[in-house]
Amino acid sequence: MLPEDVVGLLSLLCERLSEIDDENPLAALRVVGELEAMASSIGSYVARRIAFEDVSDEAVAEGLGITEDKTRSRLSRYEFMDR
């Protein structure tokens, strides 16, 4: 479950991004690129931290509410996004 403040921020971001898309699709695409870069950077950091702390795939999967296979895939994707 996501923290309530994050849910609110994501909702506002989605609304604003939709408005930007209506006004200027290229600007919206730039925003999406910035979000992807941010997710890559933070995701890579968190994936490395999880590996360093030796958190099991089972524990990560449970925390994310996904299968262990999907967990490994997600962590692997983040590991390679930062390169």
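Residues numbered from 1 in each chain as written. Predicted model: local features only at pLDDT ≥ 70, side-chain atom pairs only at ≥ 80, totals over all residues. Heavy atoms only, no water.

Let's talk about the overall build of the protein
Next, step 1: For the protein, the helix and strand inventory stands at 4 helices and 0 strands.
Next, step 2: Going from the N terminus to the C terminus, the protein shows its helices and strands as α-α-α-α.
Next, step 3: Taking 83 residues into account, the globule formula puts the C-alpha radius of gyration at 12 Å, and the protein, at 15 Å, lies well above it.
Next, step 4: Taken over the C-alpha atoms alone, the protein extends approximately 45 × 30 × 20 Å along its principal axes. (Helix = DSSP H or I, 4+ residues; strand = E, 2+ residues; numbered from the N terminus. Rg over C-alpha atoms; globule rule 2.2 N^0.38 Å.)

So, the packing of aromatic side chains
Next, step 1: Overall, the coordinates contain 0 aromatic pairs when judged by the stated rule.
Next, step 2: Residue placement shows Arg77 over the ring face of Tyr78; its charged tip is 5.1 Å from the ring centre. (Phe/Tyr/Trp six-rings, centres within 6.5 Å; stacked < 30°, edge-to-face > 60°. Lys NZ or Arg CZ within 6 Å of the ring centre and 35° of its normal.)

A few points about a nonpolar patch on the surface
Next, step 1: The grouping of Leu2, Val7, Leu10 and Leu13 at the surface amounts to a nonpolar patch, some 330 Å² of accessible area in total.
Next, step 2: As for its position among the elements, Val7 is in helix H1 (residues 4-23). (Patch = residues over 30% accessible without salt bridge, like charges linked within 9 Å, V, L, I, M, F, W, Y side chains within 5 Å. Areas by Shrake-Rupley, 256 points an atom, 1.4 Å probe, with all protein chains shown as cover. Salt bridge = Lys/Arg side-chain N within 4 Å of Asp/Glu carboxyl O.)

Let's talk about the layout of surface pockets
Rolled over the atoms, a probe as big as a water molecule pinpoints where empty space is left.
Next, step 1: Here the largest pocket defines a volume of roughly 440 Å³.
Next, step 2: Looking at the lining of the largest pocket, the elements with two or more residues in it are H1, helix H2 (25-52) and helix H4 (68-81).
Next, step 3: No other element matches H2, which puts 8 residues into the lining of the largest pocket.
Next, step 4: Looking at the lining of the largest pocket residue by residue, the classes come out as 13 nonpolar, 1 polar and 1 charged.
Next, step 5: Computed from the structure, the second largest pocket encloses a volume of approximately 170 Å³.
Next, step 6: For the lining of the second largest pocket, the elements supplying multiple residues, two or more each, are H2 and H4.
Next, step 7: Here the residues of the lining of the second largest pocket sort into 5 nonpolar, 1 polar and 5 charged. (1 Å grid on protein atoms, 1.4 Å probe; cavity = no way out; pocket = protein on both sides within 12 Å on 5 of 7 lines; lining within 4 Å. Points joined across faces, edges and corners; volume = space filled by probe spheres on them. Nonpolar A, V, L, I, M, F, W, Y, C, P; charged D, E, K, R; others polar.)

Thoughts on unusual backbone geometry
Next, step 1: Backbone geometry places Asp54, a non-glycine residue, at a positive phi of 55°.
Next, step 2: By the secondary structure assignment, Asp54 is in the loop between H2 and helix H3 (57-64).
Next, step 3: Take Asp54: its relative accessible area is 67%, and that puts it in the exposed class. (Buried < 20%, exposed > 50% of the residue type's maximum accessible area, 1.4 Å probe, protein only.)

Some words on the pattern of salt bridges
Next, step 1: Summed over the entire model, instances satisfying the criterion amount to 6 salt bridges.
Next, step 2: Between Arg72 and Asp57 there is a salt bridge, and its shortest N-O distance comes to 3.1 Å. Separated by 15 residues along the polypeptide, Arg72 in helix H4 and Asp57 in helix H3 bring together distant segments of the chain.
Next, step 3: Relative accessible area serves as the criterion here: at 37%, Arg72 is assigned to the partly exposed category.

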